[in-house]
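Each chain, letter by letter, is given below.
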Amino acid sequence: MTPEYEEGIPLLQTRNLSKSFGNIDALIDVDFTLHSGEVHALLGENGAGKSTLIKLMTGVHKPDSGQILLNGNVIEVNNPNDAQKKGISPVYQEINLIPTLSVAENIYLGRQPMRMGFINTREMNEKARVLLQYYYINIDTTRTLSSFSIAIQQLVAIARGIDMSAKVLILDEPTASLDRKEVEILFEVIRTLQEKGVGIILITHFLDQVYEISDRITILRNGRKVGEHKTQDLPRVELISKMLGHDLYEQLGQSESNDNSAGKEQDVFIEAQNLAQKGLIEPINLTIKKGEAVGLAGLLGSGRTETALLMFGIKNHDQGQVLVNGVPIKLNNPQQAIQHGFALCPEDRKTEGIIGDLTVRENIILALQAKRGWFDYVSRSQQDALASEMIKALQIHPPDPDIPAGQLSGGNQQKLILARWLVSNPDFLILDEPTRGIDVGAHAEIIALIKRLCSEGISLLVISSELAEIVDYSDRVIVLRDRQQVKELVGDEISENAIMQAIAERDNV
Amino acid sequence: MSEQIKPEPKEKENFINRLMAQRAFYPILALILILIVNRLIAPDFFTIRSTDTRYIGSLIDILNRASPVVLLSIGMTLVIATEGIDLSVGAVIAICGAVAAVLISTTEMSAPIVILISIGVGVLCGLWNGILVAYFKIQPIVATLILMISGRGIAQLITDGQIAIFNNEALQYVGTGVLFGLPVPIFISIAIFIIIYLLVRRTAIGVLLESVGANDKASFYAGVNAAHVKLFAYILSGICAAIAGLIITADIRGADANNAGLWLELDAILAVVIGGTALTGGRFYLGLSVVGALIIQSVETGILTSGLPPTFNLVVKAIVILLVLLMQSSIFRQGIRENILKLRRTA
C-alpha cells in the first residue's frame, strides 16, 4: 500500500538542480522530492545523472544552480561529513569502509564511545554487536571487516549509515552483491526504517526489487528528469522504455526458448572430472561442447565463483582433472589456462578485472600480450587496430582508446574485459556475473554477445544470479548448493522454476 | 572529473597551455631554474673550457658526478613501477665495488673479466631481493632492508675491513677515463639509459611492469606472470647499482665498504619521485627520473661552487628539493595563484 504524499512538507527536495563538468551537462534542472517514510527508487541508465544527483545531495560536489531543501528549509551541503551531520547518509555500491579495521571500529569510526579520554573498546564492541543483531547479523564485531563476505560488509555499511543519521538514507546498488536471503533481510530492515519515518532513496538495476519495495520512482535520462510515478501506476515496459528512451523495448529474458540445443552434436571441448579442492568446493563434473553455453546457478556462496576459479587455475585443485579435447592438462595457474585458450571475466571488475591506471588500449591487449610473452611485442599499430576494432564491435563508450580504463562506467568496463579476452581468441570463456551492476542497455548488449560467441563456436561457462538470463542463453544449467553440484538441467528442463526448485530442495535430489 | 582541454582561440596561449600540461614540463623547468640560479651565483657556471685532452666546466661536472645516481634511478624507476622499492642499492654499490677492487688487486684477472664478475654479483643481489619480494611475498621495503644492512657487512668481509686500494688503468678508465673529451661515466649512463629504455619500451616489459604495479591481482587474472616481472625489475636495479659501484670505485681507485654509495639509495628514490613516478606503482617515466637525478646533482654542485660553508649543504639541498616538489603540485600552484590575486585586490 502506498501512502499519499500530496500534503505536507517533503523531507528532502531539490529544485532546478544543475551541474556540469567541463562542457558536459551531468544534471539539468532536476526536481526531486523525497517524503518521510517512503522508499523512492531513482532509476536511469549509466550516465543518466543518478550518481551526480546523489553527489550533490551528499556534498561531494556543489551544484552550479538550484536548491536543496531539507524539511522545507534551503540548505547548503558543504561536504559528505556535513551531509551526514544534517542527516543525509549514503551507502555506496563500492563499500566505503576500511577493510583492515574491525567491524565495530568501522561502525563507530569518528564517534567512538569514550571513557576518560580514551576509546572504550569494550563498550564499542558490545554496542556494535547489539546494533547488528537488529539486522539479523550475529558476528564477532572485533574481527576485521575484510574477513567477512561482501554481503555482511554491505549490511555493516548500512547499519553505520542508519545509526549515524536516521533521516535520509541513500542506498546505491545495495543488493548487487547480496543473495536472495540477504536481500530479504535488507528489505525487512528497509520496511522497519520506513515505519520509523526514514526517507530512503534506492538506486538499483534490479527492476523486480524496485517493484517489490519502492513507493515511487523517479527516472532520469541524460541528466534530465523524464518521469516521476507511483510505482504501482507504472507498468514495467513503460519504465524500461522511459529509461532507455526507446518506444519499443522487449523485456529481457522473454525471447524464444532454447531451440538451439538441438543439432549440437559437436565435440566436447572441455571436461572437468571430479574437480575439487578440500574446503573450497566438493567434486564438480561438467562437460562443455564447442559452441555450447553452460549456466552455473546457485545462491551467493554456493560455490559458483569457486568453480570458475578452479577451472581457470587461480585456485588449485587437489582432486580430479581437467581435459581439453579429451587430453588431461596441467592447470595450476592462469597462464597455463590461457595457453589452452581459456579466459575468465571475473566477478569483481574493479580489483580483479581492469587496470584502472592503464589506458583502454593497454587493457585490451594485456591478456594477449601476456600470452605472447615479453619479447613478442604487440606493436603500437597492432594495438591501435585491435583497440579500435573492439571499441567498435562492443560499442565501448567513450570510444577513446587512450583514456584510463578507470574512467569508464561499470558496463563499459565489463565490455572492456570481454574485449581483452576476445582479442586473445579464446576457445573457452568463463563469465562470472557478466551483467552485475550494469545498466539495461549494456545488459542487453552483453546477452546478445554471449549468444553470438556461442554461435561462433566458443564454449561458455556463465555464472549469474539472474535466473531469467541463465534460462535465456544456457544449453545446460548446473545448479550448485552449499558448495556441491546438486543438479544438471538440459534442454526443455531448463526453467526459472526448475532452477529455483533445485536450489531449494533438501536432502534428496 | 578530469578537465577537458578546450581548444583556445589564441594560438600562442594554446601552445603554452599544452606545454604546461606536459608531464615533463615542471621537472625540466625546475632543472633550468636551478641552473640559472647557479649561473647567477657563479658567473662562469656555463663556461666550458677545453684543455688539450678534455673539456672542463660545471655542466660537464654535473653530468659526470650525477652518473651513479642516474644509473641507480633508472633501476629504481622500474622497481618503483612494480609498487616496490629497493633500499639495498647503496649497499650493492659497496659489495660490487669491493669485489672489483679485491679481484683486480689480488688476482691476475683482466679488467673486463673483473667488470663482468662485478656486474654478475649485482645480478645476484637483484635476484636475492627479487626472490624475497616476488616469491616469498615479503614487503619490498623490508626485503631490501635486509641487504641494505647486511650488504655493507658483506663488503667489509670481502675487503677484510680495509679500504681495498688498487692500481689498474683499465679499471680506472671506467671512473676517470676520457672519451671524445668527456668523462667516460657520462657515456656509460647514456648507454645504459638507451639500452634499458629500448628493453622496456620496445618490448612488452614496460606495459607489464605498469600493469603489475597498478593492479597486481587483475594482472594475475589476465595471465601476467607478476613474479617474473618483479624479479626482472630487481635484477635490473642490481645491475644498475653494480655499474654505479664500478664507477665510484674506479673513480677513487679503491673500495670503501663503509662509505661507497652511502645514502645514494635515498637520492635515487628522490630522483624517481621528482620525475613523477608514483611510489604506489603503475606508470613510470625513465627519462624524467634521469632529470630528477640531474636536479639533485645540480643543487649539490651549485652549493659547492657558491662558497657557502659546507655545513649548510644538506639543509640547503633539502629546501631546494622541497621547493621542486611543491612546484610540481597543482594544488600548491593554485594556492599561490589565489593568494597573489588576493594580495593584488587588497593592494
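Residues numbered from 1 in each chain as written. Chains lettered and ligands numbered in written order. Predicted model: local features only at pLDDT ≥ 70, side-chain atom pairs only at ≥ 80, totals over all residues.

*Asks:* Please explain the overall build of chain A as it appears in this structure.
*Replies:* Broken down by element type, chain A carries 17 helices and 22 strands. The burial tally for chain A puts 46% of its 509 residues in the buried class. Contacts spanning at least 24 positions in sequence make up 68% of the contacts within chain A whose residues lie at least 6 apart. (Helix = DSSP H or I, 4+ residues; strand = E, 2+ residues; numbered from the N terminus. Buried ≥ 20, exposed ≤ 12 C-beta atoms within 10 Å, placed from the backbone. Contact = placed C-beta atoms within 7 Å.)

*Asks:* Just to check I follow, could you spell out the overall build of chain B for this structure?
*Replies:* Secondary structure assignment for chain B yields 15 helices and six strands. For chain B, the C-alpha radius of gyration of 22 Å lies close to 20 Å, the compact-globule estimate for 347 residues. Its C-alpha atoms give chain B principal-axis dimensions of roughly 75 × 60 × 35 Å. The contacts in chain B between residues at least 6 apart in sequence include a share of 77% that link residues at least 24 apart. (Rg over C-alpha atoms; globule rule 2.2 N^0.38 Å.)

*Asks:* What exactly am I supposed to notice about the sheet that holds strand E18 (residues 342–345) of chain A here?
*Replies:* Consider a sheet: its strands pair through backbone hydrogen bonds, and that pairing is either parallel or antiparallel. All names here are of chain A. Ordered in space as E18-E19-E20-E15-E21-E22, the six strands form an open sheet in which the pairing is mixed. Every interior strand has two partners, whereas the edge strands, E18 and strand E22 (484–490), have only one. Direction aside, neighbouring strands of the sheet carry axes that sit 15° apart on average. Two elements, E18 and strand E19 (residues 428–432), share four bridges in a ladder whose sense is parallel. Bridge assignment links Cys 345 to a residue of E19, and that residue is Leu 431. Here helix H9 (residues 304–311) sits on the sheet in contact with strand E15 (293–297), E18, E19, strand E20 (459–463) and strand E21 (476–481), set at roughly 145° to E20. Its contacts with the sheet place helix H15 (residues 440–455) against E15, E19 and E20, and it is angled at close to 150° to E20. (Pairing = 2+ DSSP bridges. Axes fitted to C-alpha atoms, helices over the stretch in contact; angles between N-to-C directions.)

*Asks:* Help me understand the confidence of the model for chain B, please; the structure alone is not making it clear to me.
*Replies:* Any region with low pLDDT has predicted coordinates that should not be read closely. Mean pLDDT over chain B stands at 89; residues scoring 70 or higher make up 96%. Across the assembled chains, the prediction reports ipTM 0.82 with pTM 0.74. (pLDDT = per-residue confidence, 0-100.)

*Asks:* How should the nonpolar core be read in this particular structure?
*Replies:* If you look at soluble globular proteins, the nonpolar side chains tend to sit buried side by side. Leu460(A) and Ile243(B) are the most contacted members of the largest nonpolar core, which totals 183 residues. Ranked by residue count, the leading element in this core is helix H11 (residues 226–252) of chain B, at 17 residues. The residues that make up this core include at least three from each of domain 2 (253–341 + 426–509) and domain 3 (351–424) of chain A. With sequence-adjacent residues up to four places away left out, Leu460(A) is seen in contact with Ala293(A), Val294(A), Leu429(A), Leu431(A), Ile450(A), Leu453(A) and Cys454(A). Leu27(A), Val30(A), Leu145(A) and Val183(A) belong to the second largest nonpolar core, which has 60 residues in total. (Core = buried A, V, L, I, M, F, W, Y, C linked by C-beta atoms within 7 Å. Domains from an automatic or database assignment.)

*Asks:* What is the right way to look at the interface of chain A and chain B in this model?
*Replies:* Many authors give the size of an interface as the accessible area that is lost as the parts come together. Tallying the contact residues gives 27 residues for chain A and 24 residues for chain B. For the side of chain A that touches chain B, the element with the highest residue contribution is helix H12 (residues 360–372) of chain A, accounting for six residues. Looking at the side of chain A that touches chain B, its residues break down into 15 nonpolar, seven polar and five charged. (Nonpolar A, V, L, I, M, F, W, Y, C, P; charged D, E, K, R; others polar.)

*Asks:* Honestly, the packing of helix H8 (residues 184–201) of chain B against helix H9 (residues 205–214) of chain B in this entry has me stumped. Any pointers?
*Replies:* A packed helix pair is summarised by two numbers, namely the angle formed by the two axes and the spacing between the axes. Residue and element names in this part refer to chain B. One way to put it is that H8 packs onto H9 with a least axis distance of 5 Å and a crossing angle of 75°. What the angle tells us is that H8 and H9 run roughly perpendicular. Residues Leu 199, Val 200 and Arg 201 of H8 touch H9, and the partners they reach there are Ile 205, Gly 206 and Leu 209. Along the lines of polarity and charge, the residues of the contact of H8 with H9 split into four nonpolar, one polar and one charged. (Parallel < 35°, antiparallel > 145°, perpendicular 65-115°, else oblique.)

*Asks:* Honestly, the sheet that holds strand E17 (residues 327–329) of chain A in this entry has me stumped. Any pointers?
*Replies:* Residues and elements named next belong to chain A. Read across the open sheet, the four strands follow the order E14-E13-E16-E17; overall the sheet is antiparallel. Both outer strands of the open sheet, strand E14 (281–289) and E17, are each paired with one neighbouring strand and no more. Across the sheet, the axes of successive neighbouring strands diverge by a mean angle of 25°, strand direction being ignored. Relative to E14, H9 is tilted by about 65°, and along the sheet it contacts strand E13 (268–277), E14 and strand E16 (319–324).

*Asks:* Mind showing me how you'd approach the environment of Ala83(A) here?
*Replies:* Residue and element names in this part refer to chain A. Tracing the chain through its elements places Ala 83 in helix H2 (residues 80–86). Given 25 C-beta atoms within a 10 Å radius, Ala 83 is considered buried. Here the alpha-carbon distance between Ala 83 and Leu 323, two residues 240 residues apart in the chain, equals 56 Å. In this structure, Ala 83 is in contact with Thr 58, Gly 59, Val 77 and Ile 88, ignoring residues within four places of it in sequence.

*Asks:* In this structure, what is going on with the domain arrangement of chain A? I would like to understand it.
*Replies:* Entries for chain A in the domain assignment read domain 1 (8–86 + 205–249), domain 2 (253–341 + 426–509) and domain 3 (351–424). Domain 1 of chain A and domain 3 of chain A are separated by 33 Å when their C-alpha centres are compared.

*Asks:* In this structure, what is going on with the confidence of the model for chain A? I would like to understand it.
*Replies:* Residues and elements named next belong to chain A. Across chain A, pLDDT averages 83, with 90% of residues at or above 70. Model confidence for chain A, summarised as mean pLDDT per element, is weakest for helix H8 (residues 236–244) at 74 and strongest for strand E3 (residues 39–43) at 93. Confidence drops under pLDDT 50 across residues 246–264; counting only partners more than four residues distant or on other chains, this segment forms 28 contacts.

*Asks:* I tried to follow H9(B) on my own but got confused; where do I start?
*Replies:* Because each turn of an α-helix spans 3.6 residues, side chains separated by three or four positions end up pointing in the same direction. Most of H9(B) is tucked away, with 10 of its 10 residues classed as buried. Turning to H9(B), its buried residues number three or more, namely Ile205(B), Gly206(B), Val207(B), Leu208(B), Leu209(B), Glu210(B), Ser211(B), Val212(B), Gly213(B) and Ala214(B). Tucked inside the fold, the buried residues of H9(B) contact H12 of chain A together with helix H3 (58–81), H8, helix H10 (216–221) and H11 of chain B.

*Asks:* Before we go on, may I ask you to explain the pairing of E13(A) in this structure?
*Replies:* Every regular strand shows the same layout, with side chains that alternate between the two sheet faces. Residue and element names in this part refer to chain A. As paired strands, E13 and E14 are joined by six bridges and run antiparallel to one another. When the sheet's bridge partners are listed, Leu 275 is paired in E14 with Ile 284. The antiparallel pairing of E13 with E14 creates a hairpin that spans three residues between the two strands, and Gly 279 there sits at a positive phi of about 80°. Judged from the five bridges that link them, E13 and E16 form a sheet pairing that is antiparallel.

*Asks:* Is there a simple way to think about unusual backbone geometry in this case?
*Replies:* Trans peptide bonds make up most of the peptide bonds, and negative phi angles are found at most residues other than glycine. Residues and elements named next belong to chain B. Positive phi, normally seen in glycine, also occurs at Asp 160, with a value near 65°. On the secondary structure map, Asp 160 appears in the loop between helix H6 (140–159) and strand E3 (164–165). Not every positive phi belongs to a glycine, and Phe 180 is a case in point at roughly 50°. Secondary-structure assignment places Phe 180 in the loop between strand E4 (178–179) and strand E5 (182–183).

*Asks:* Which parts of the structure should I look at to understand the pairing of strand E4 (residues 65–70) of chain A?
*Replies:* Residues and elements named next belong to chain A. Summarising the sheet, strand E1 (residues 12–21) and E4 pair through five bridges and their orientation is antiparallel. The residue bridging Ser 18 from the neighbouring strand is Ser 65, located in E4. For E4 and strand E5 (residues 73–75), the ladder comprises three bridges, and the chain directions are antiparallel. The residue bridging Leu 69 from the neighbouring strand is Val 74, located in E5. In textbook terms, the turn of a hairpin is the stretch between consecutive antiparallel strands, and for E4 and E5 this stretch comprises two residues, one of which, Asn 71, has a positive phi near 50°.

*Asks:* Explanation requested: the environment of Asp216(B) in the structure shown.
*Replies:* Residues and elements named next belong to chain B. Along the chain, Asp 216 falls in helix H10. By C-beta crowding, Asp 216 is classed as partly exposed, having 19 other C-beta atoms within 10 Å. Between the C-alpha atoms of Asp 216 and Gly 281, which are 65 residues apart in sequence, the distance is 10.0 Å.

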